[in-house]
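The residues making up each chain are set out below.
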Amino acid sequence: MRGKLRRIRCFFLWLCVAALLAGCRELEKKEEKKSLRIGVSLYRGDDTFINNIRSELESCAKEFEQENGIKVTLDIQDAKGSQNTQNNQVERFISLGCDVMCINPVDRTAASAMIDKAMTAGIPVVFFNRQPVEEDMNRWDQLYYVGAVAKESAVLQGSIVVDQYRKDPDSLDRNGDGVVSYVLLEGESSHQDSLIRTEWSIQTLKDGGVPIEKITGGIANWERSQASALMEQWLGEYPEMIELVICNNDDMALGAIDAMERAEIDHIKLVGIDATTPGQEAVRSGKLLGTVSADKEQYAGAIFSIAAAKAQGDPLPSELSLENGKYYWSPQEILVNP
Ligand code: GAL
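Residues numbered from 1 in each chain as written. Predicted model: local features only at pLDDT ≥ 70, side-chain atom pairs only at ≥ 80, totals over all residues. Heavy atoms only, no water.

(A) Representation of the overall build of the protein within the structure. For the protein, the count of helices and strands is 11 helices and 12 strands. In summary, the protein has a C-alpha radius of gyration of 26 Å against a globular reference of 20 Å for 338 residues, an excess of more than 25%. Seen through its C-alpha atoms, the protein measures out along the principal axes to roughly 105 × 40 × 35 Å. Among the 338 residues that make up the protein, the fraction classed as buried is 48%. When the accessible surface of the protein is summed, it comes to about 16,500 Å², and 50% of that surface belongs to carbon and sulfur atoms. Averaging the positions of the 36 positive and the 52 negative side-chain charges in the protein gives two centres separated by 14 Å. (Helix = DSSP H or I, 4+ residues; strand = E, 2+ residues; numbered from the N terminus. Rg over C-alpha atoms; globule rule 2.2 N^0.38 Å. Buried < 20%, exposed > 50% of the residue type's maximum accessible area, 1.4 Å probe, protein only. Areas by Shrake-Rupley, 256 points an atom, 1.4 Å probe, with all protein chains shown as cover. Lys, Arg positive; Asp, Glu negative; His and termini not counted. Charge placed at Lys NZ, Arg CZ, Asp CG, Glu CD.)

Next comes the structure, spelled out in structure tokens:
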């Protein structure tokens, strides 16, 4: 009988010690979460849209610190267009003990080397803006992607022109020949957004009944200066012919406007995508017919909240609706001069 009592006492004692140890471990865990380290690598720090996202991410981190009293170190690095440099940045993030990495891949088809490193180190990754191929995204359940649906951006962009044409056809068909003659400025050929934006923007014009005719087009890699050079050349080659410039992003539209200003031309209509800070300004001043805004607060907010949850080992916020548990699509809207 006494032996049985002793065994019961021992069992309860063991239970108490186990509960105490678990409590201590919990406390230790909470202690570790007093600070988060997030490694962020940008494909190019001089890209206007990416810079807008970067500023929003910094605001998110500040807000999170204030609300939760948890210090956030955002280690933001510029890969300057080199995948090699970005691979080294990922290695450095891992050696510094980052809790999570947010990566804007330089080469979206070459994400597997970075994924290998992250998986080996057990560090979750939130990719953004340049979408890794599906095969890579499916390699691990700790990989996420935040972006905007390219077809949606394009359909919205096309509808800006359709609305304008329905409202005032002569403002687009300036020479009254019954067709709107356009040139096209495209982003990087390897970017998932370029082809889809081009295809669906044009399709939306056709579906909306705008009679169009392509004069020419070219790749300006999202860049203002490259777009400006192309537009200057086209204004010389096709004098008085261009009525519309369809641009895969705002920076290229701004480049085309630069060339038009040099040539003292202001009647050609242009549309962009991104609603970057200078893009919004151009819409307000009437230089740009319209643009498409991917809500940058929500875009960066989604990147940050996935990263913060992962860094703390918490479940993802329930208000964040992810497609297939890993893709977050940022809402978009049209921005025109009222
Ligand atoms: C696009 C954006 C471009 C450029 C590019 C970089 O989504 O519209 O302006 O930032 O991403 O990947």
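This is not the end of the story, as more comes after the structure.
(B) Examining the site of the ligand more closely. Around the ligand, the surrounding shell consists of Tyr43, Asp47, Phe49, Asn129, Arg130, His191, Asp193, Arg197, Trp222, Asn249 and Asp274. Contacts to the ligand include aspartate 47, whose side-chain N or O atom sits 2.8 Å from an oxygen atom. Arginine 197 places a side-chain nitrogen or oxygen 2.8 Å from an oxygen atom of the ligand. Considering the ligand on its own, with 310 Å² of exposed area, one finds that the protein chains cover 98% of that surface. Tallied by class, the residues present in the shell around the ligand amount to three nonpolar, three polar and five charged. (Near = heavy atom within 4 Å. Polar contact = N/O pair within 3.5 Å; in protein donor to acceptor, adjacent residues only side chain to side chain. Nonpolar A, V, L, I, M, F, W, Y, C, P; charged D, E, K, R; others polar.)

(C) Structural view of the side chain of asparagine 248. As for its position among the elements, asparagine 248 is in the loop between strand E8 (244-247) and helix H9 (250-262). Taking relative accessible area as the criterion, asparagine 248 reaches 1% and is therefore assigned buried. For asparagine 248, the contacting residues outside a window of four places in its chain are Leu185, Glu186, Gly187, Ser194, Arg197, Thr198, Trp222 and Ile273. (Contact = heavy atoms within 4.5 Å.)

(D) How the structure looks around the nonpolar core. The biggest cluster of nonpolar side chains holds 62 residues, and the ones touching the most others in it are Leu185, Met231 and Val245. Per-element tally for this core: the top contributor is helix H11 (residues 296-312), with nine residues. Here this core spans two domains, since at least three of its residues come from each of domain 1 (32-147 + 296-331) and domain 2 (150-294). What valine 245 contacts, discounting residues up to four positions off in sequence, is Val183, Leu185, Met231, Ala256, Ile268, Lys269, Leu270 and Val271. Formed by 18 residues, the second largest nonpolar core is a distinct cluster that contains Val161, Val210, Leu244 and Val292. (Core = buried A, V, L, I, M, F, W, Y, C linked by side-chain atoms within 4.5 Å. Domains from an automatic or database assignment.)

(E) Spatial organisation of the sheet that holds strand E5 (residues 143-147). Strands sit in the order E2-E1-E3-E4-E5-E11 across an open sheet of six strands; the sheet is parallel. The open sheet has two edge strands, strand E2 (71-78) and strand E11 (327-329), and neither has a second partner. Geometrically, the sheet is characterised by an average inter-axis angle of 20° between neighbouring strands, direction not taken into account. Note that strand E3 (residues 100-103) and strand E4 (residues 125-128) share three bridges and pair parallel. Residue pairing in the sheet places cysteine 102 in a bridge with valine 126 of E4. Of the strands in this sheet, strand E1 (35-42), E2 and E3 are in contact with helix H3 (residues 83-95), which crosses E2 at around 160°. (Pairing = 2+ DSSP bridges. Axes fitted to C-alpha atoms, helices over the stretch in contact; angles between N-to-C directions.)

(F) Just the state of the cysteines, in detail. All told, the structure shown has zero disulfides when counted by the stated rule. Just so you know, cysteine 102 is unpaired, no disulfide at all, and the nearest cysteine sulfur is the one on cysteine 98, 9.4 Å from it. (Disulfide = S-S within 2.5 Å.)

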